[in-house]
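# Summary of structural features
Here are the chains, one letter per residue:
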Amino acid sequence: MFWTTVNRTNNTNAHSTGYTSLHDVFIEDLDVNHNGIVLYQRSRTTGKPEIEILCSGSLRNNSNNDNDSGGGGGKSSGSKESISVVSSYRPQLPDYAWCITPGANADFFSDTLRIMASSPVHPDEAMDLNLKSLENIGQQHPWKKHKIDTDFCVLGHNPDNYTLEKTWAPMLSCSTGSSSQQKDVSGGQKSSHYQKVPISLIYQKLHTSNETKHPKPCLVVVYASYGINLPTDFLLERLPLLKRGWTIALVHARGGGELGRQWHAAGRGPGHKPNSALDVEAAVEYLINNGYTVPGSIALEATSAGAVAAGGVVNSRPELFGAVVLESPFVDVLSTMIDPELPLTVHEYEEFGDPSTEQGMQGLKKVCPYYNIQSGGGGGGGDVEGIKRKERKGHSINSTKFSKGESSGMYPPVLITCSSTDARVPIWGPLKYAAKLRAAGGDVTNSRQGKGGRSVGVGRGSVLVYADAHGGHLADDREKYDLKAVQYAFLVDALMQQQQQREIDCLLSR
């Protein structure tokens, strides 16, 4: 990290601050006030958010001097002495603080820093830190917490009833790209963590000490695009699933930004984008092998570009999933990327591949969920070759037998939500995908029969489309909860019906 004066911003006037901690963290945001600089960071090895406060003598000594030239004084030598970092502090954060964002902090001369902390089961909480007493914070929690007025108490929600767990799944394979993209962007050597996929798990706590963990329905969520972190903050719409006993697994696959730029690079472009689907498959196998869930009881959720990874793993391993929800999904990747007239196509070449090159065209074909749909389900997918990994040594799945008709690889029930006013993902992409899925599955109306012969619920192979004419790419706040209610009701019904069918088949086979 370097400093320079406002009127001399060329490289020859850049001076080191003495701050050298960026080899193990990367900066996501910052605040500046008269006490120093506040860096909002994330660990390159664990993905955990951190805060570091850099204090400089000049900022403290000259903060009340209105005649000071600011930013380092009039002379270069004086500026260098005053800007050099005197000390840095990393105040301890609560264990549950999976998501940290800056507060308003609008007053430059304030001695209080405010941040917002949350987790998948902890609503936003305002936390204040006194910047004048940093020397005395030690290892204790120095934050003053302020509850935000919400209606969550009406729901009877207690975060203490849930477990937050970070775990790592072994990767199924590594990218064959250049070694430079497998290294830390600061030049450090590849960490052992870069051979594992981080997973954030949320589930109900065991009520008694002797109660054993048993497989539960599981919602797997993935995005893995553009170097964007999969959100780990509080989402009210997921509480009903947690209260039903579901496990929620947030898969931070390659292509996201949870471990820095090298993590994004490892899931970006024609040579590396298939890794995103590989990581989702690795995470699902890990959850099954470690007793969190079982094949057929896993629901998969993805939005927008997250559908590239989700669609890839559904094509290659459809038998793992009991239901899939795709919201505004980018699934017709090949047709979209060969049309430069679309608003985002050229902009996306670096992320997915340039079809004007042979490597780019082949890469797009490999990761396009629509292009890789196979009759009967399975066999294509967003990985490099992708069908035989099921039998790969060291990655066997301790699964139960599937009921008759499911072992053939037929696609799980799929709900696709889209909008005719979506400028990012044109509606014809999701509709083409739905039509091809239906054609690949043949007669997929496997709904159970209710009174009067009326079809009730969804069966394996069903493909439903929920379209609107005004929602755009993402639902607004007024419609978000209505849309999520439809999506999660679909998932609950689909998994429940298949569980009932497996129990019936088990009884009949005795």
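Owing to the predicted nature of the structure, the values given are computational and were not obtained by experimental measurement. (Residues numbered from 1 in each chain as written. Predicted model: local features only at pLDDT ≥ 70, side-chain atom pairs only at ≥ 80, totals over all residues. Heavy atoms only, no water.)

## Describing the packing of aromatic side chains
Aromatic ring pairs are described here by two measures, namely the spacing of the ring centres and the angle between the planes. What counts, and what does not: Each pair of aromatic rings taken from Phe, Tyr and Trp, with Trp reduced to its six-membered ring, is defined by centres within 6.5 Å and is described as stacked if the planes are under 30 degrees apart, edge-to-face if over 60, and tilted in the remaining cases. To qualify as a helix, a DSSP run of H or I must reach at least 4 residues; to qualify as a strand, a run of E must reach at least 2; elements of each kind are numbered from the N terminus. The buried label applies to any residue whose accessible area, calculated with a 1.4 Å probe on protein chains only, is under 20% of its type's maximum; exposed applies above 50%, and partly exposed to all values in between. We count a charge as sitting over a ring when the NZ of a lysine or the CZ of an arginine lies within 6 Å of the ring centre and within 35 degrees of the ring normal.
Tallied over the full model, the rule gives five aromatic pairs. Residues phenylalanine 330 and phenylalanine 352 carry aromatic rings whose centres are separated by 5.3 Å and whose planes lie at 65 degrees to one another, so their mutual orientation is edge-to-face. In this pair, phenylalanine 330 sits in the loop between strand S16 (323–327) and helix H7 (333–337) while phenylalanine 352 sits in helix H8 (residues 349–352), placing the two residues 22 residues apart along the sequence. Considered together, phenylalanine 330 and phenylalanine 352 belong to a single accessibility category, that of buried residues. A cation sits over an aromatic face here: lysine 166 above tryptophan 98, 4.3 Å from the ring centre. Taking NZ or CZ as reference, lysine 432 lies 4.8 Å from the ring centre of tyrosine 370, over its face.

## Some words on the nonpolar core
Soluble, globular proteins show a tendency: their nonpolar side chains are buried together. To keep it simple, the criterion reads: To form a nonpolar core, buried Ala, Val, Leu, Ile, Met, Phe, Trp, Tyr and Cys residues must be joined to one another through side-chain atoms within 4.5 Å. Contacts are assigned to residue pairs with any non-hydrogen atoms lying within 4.5 Å of each other.
Counting 44 residues, the largest nonpolar core has Val220, Val222, Val284, Leu287, Leu300, Phe321 and Leu326 as the members making the most contacts within it. No other element matches helix H5 (residues 274–289), which puts six residues into this core. Leaving out residues up to four positions away in the same chain, leucine 300 has contacts with Val220, Val222, Val280, Ala310, Val313, Val314, Phe321, Ala323, Val324 and Val325. In this structure, Trp246, Val325, Leu334 and Leu495 belong to the second largest nonpolar core, which totals 36 residues.

## Quick notes on the side chain of serine 304
Structurally, serine 304 can be placed in the loop between strand S15 (298–303) and helix H6 (306–316). The buried category is assigned to serine 304, whose relative accessible area is 12%. If we skip the residues at most four places from it in the chain, serine 304 touches Tyr223, Glu327, Ser328, Pro329, Phe330, Val425 and His473.

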